[in-house]
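In case you want the letters, here they are:
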Amino acid sequence: MSPTAKKTTRSKTTTRKKSATTRKPRTVAVKKRELPPNPMVHELLEAVGSERIKAKKVSLLKTHGDDSLKMLFVWNFDPSVVSMLPEGPVPYQPVEGDVQASKDQGLPQRTTIRNAARQFYRFVKGGDDQLNKIKRESMFINLLETLPQEEAEILILTKDKRLQTKYNITKELVQEAYPEITWGNRS
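So, here's what we can say about the structure. None of these values were measured; they are calculated from a predicted model.

### Examining the overall build of the protein
Looking only at helices and strands, the protein has eight helices and zero strands in total. Going from the N terminus to the C terminus, the protein shows its helices and strands as α-α-α-α-α-α-α-α. Within the protein, the fraction of its 187 residues that count as buried is 37%. A separation of at least 24 residues holds for 72% of the contacts in the protein among residues at least 6 apart in sequence. Working note: accessible area of the protein is about 13,300 Å², and carbon and sulfur atoms make up 50% of it.

Shown next as C-alpha cells:
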C-alpha cells in the first residue's frame, strides 16, 4: 500500500426491521364548519363540495339555495345557455375584502352574487342583445370588481361553464336538489 493511499473502512450499520404487525390507521375527526343562516355563495359551494354523502349535499343546497344560486347553476350546466363573454381569464382588479366603498377614492359599493344575480341576463345570449360587446364586457368587469374575490372567481368559472372543476357539484346533483328547474330551450 502506498503511503498516500487512505484506508477506507465501512462501518456496519444495523438496520432494524419494522414489525410486521399492522396498525390501525389513525383517524381524526374533522369538525365541519357550520354555515351561517345566509351564507355567501362561495361558502355554500365549499360546504357542498366538501361533503361526501350525496344526501347531505342535496340537503345543503335545498336549505341554503335561492334564485341567484339556481341562476348560477342554469348558466353553468344548461347547454342551451350561451355566454356572450369571451372564454378565459378576465382582466379585473380584485378588491380586498376589508376595503370599504369610497366615492372619494373611486371604490365601488361592495355586493355579492346574491345581489348581483339580477344582472346575469345581460351576459348570456337572448338576455340583452342590444348591448355591444365592449359595453357587456366592461359591465362584467365592473361587476367582478364589486364582488369578493372568491365570488368573482365563481362567476368567471360559471361564464366558462367550468364551475364543477373547482367544486364537487354536478348537474345531476343540482337536478336532484332543484327539480323545479327546467333545462334546455333557453337561447
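There is more to say, and it comes next.
### Some remarks on the pattern of salt bridges
Applying the stated criterion across every chain yields a total of six salt bridges. Of the charged contacts, one joins Asp 66 and Arg 114 as a salt bridge, the two residues approaching to 2.6 Å between their closest N and O atoms. Of the two residues, Asp 66 is situated in the loop between α2 (54-64) and α3 (67-77) and Arg 114 in helix α4 (residues 113-116); the sequence distance between them amounts to 48 residues. Using a relative accessible area of 25% as the deciding quantity, one classes Asp 66 as partly exposed.

### Observations concerning the side chain of His 42
Along the chain, His 42 turns up in helix α1 (residues 41-50). Beyond its immediate stretch of four places on either side in the chain, His 42 contacts Glu 150, Glu 151, Ile 154 and Tyr 167.

### Details of the packing of aromatic side chains
Overall, the coordinates contain five aromatic pairs when judged by the stated rule. Plain terms: the ring middles of Phe 73 and Tyr 178 are 6.4 Å apart, the flat faces sit at 35 degrees to each other, and that makes the pair tilted. Of the two residues, Phe 73 sits in helix α3 while Tyr 178 sits in the segment after α8 (171-177), which places them 105 residues apart along the sequence. Tyr 178 shares its class with Phe 73; the two are buried. Where Trp 75 meets Phe 123, the ring centres are 6.4 Å apart and the plane angle is 10 degrees; that geometry is what we call stacked. One end of the pair, Trp 75, is in helix α3; the other, Phe 123, is in the loop between α4 and α5 (133-146), and 48 residues separate them in sequence. Since its relative accessible area comes to 2%, Trp 75 is described here as buried. With a relative accessible area of 0%, Phe 123 lands in the buried category.

### Some thoughts on the nonpolar core
Among the nonpolar cores identified, the biggest contains 45 residues, and Leu 45, Leu 69, Phe 73, Trp 75, Leu 144, Leu 155 and Ile 169 are the most heavily contacted of them. Among the secondary structure elements, those contributing two or more residues to this core are α1, α2, α3, α4, α5, α6 (149-159) and α8. With six residues, the top contributor of residues to this core is α3.

### Some thoughts on the environment of Asp 128
Structurally, the position occupied by Asp 128 is in the loop between α4 and α5. Between the C-alpha atoms of Asp 128 and Met 84, which are 44 residues apart in sequence, the distance is 9.8 Å. Contact partners of Asp 128, with chain neighbours within four places excluded, come to Tyr 121, Arg 122 and Arg 136.

### Describing the layout of surface pockets
In this structure, the largest pocket encloses a volume near 350 Å³. If you go around the largest pocket, you meet 15 residues; those closest to its centre are Met 71, Val 74, Val 81, Val 124 and Arg 186. Across the lining of the largest pocket, the residue classes tally to eight nonpolar, three polar and four charged.

### Considerations on α5
In a regular helix each residue adds 1.5 Å, so 14 residues correspond to 20 Å; α5 covers 20 Å between its end C-alpha atoms and thus fits that length. Within the sequence span of α5, burial applies to Arg 136, Met 139, Phe 140, Ile 141, Leu 143, Leu 144 and Thr 146. Lining the buried residues of α5 we find α3, α4 and α6. Two or three places before Ile 134, at the start of α5, stands the capping residue Asn 132, its side-chain oxygen 3.2 Å from that residue's backbone nitrogen.

Reading the values: rules and limits
Residues numbered from 1 in each chain as written. Predicted model: local features only at pLDDT ≥ 70, side-chain atom pairs only at ≥ 80, totals over all residues. Heavy atoms only, no water. Helix = DSSP H or I, 4+ residues; strand = E, 2+ residues; numbered from the N terminus. Buried < 20%, exposed > 50% of the residue type's maximum accessible area, 1.4 Å probe, protein only. Contact = heavy atoms within 4.5 Å. Areas by Shrake-Rupley, 256 points an atom, 1.4 Å probe, with all protein chains shown as cover. Salt bridge = Lys/Arg side-chain N within 4 Å of Asp/Glu carboxyl O. Phe/Tyr/Trp six-rings, centres within 6.5 Å; stacked < 30°, edge-to-face > 60°. Core = buried A, V, L, I, M, F, W, Y, C linked by side-chain atoms within 4.5 Å. 1 Å grid on protein atoms, 1.4 Å probe; cavity = no way out; pocket = protein on both sides within 12 Å on 5 of 7 lines; lining within 4 Å. Points joined across faces, edges and corners; volume = space filled by probe spheres on them. Nonpolar A, V, L, I, M, F, W, Y, C, P; charged D, E, K, R; others polar. Expected span 1.5 Å × (residues − 1). Polar contact = N/O pair within 3.5 Å; in protein donor to acceptor, adjacent residues only side chain to side chain.

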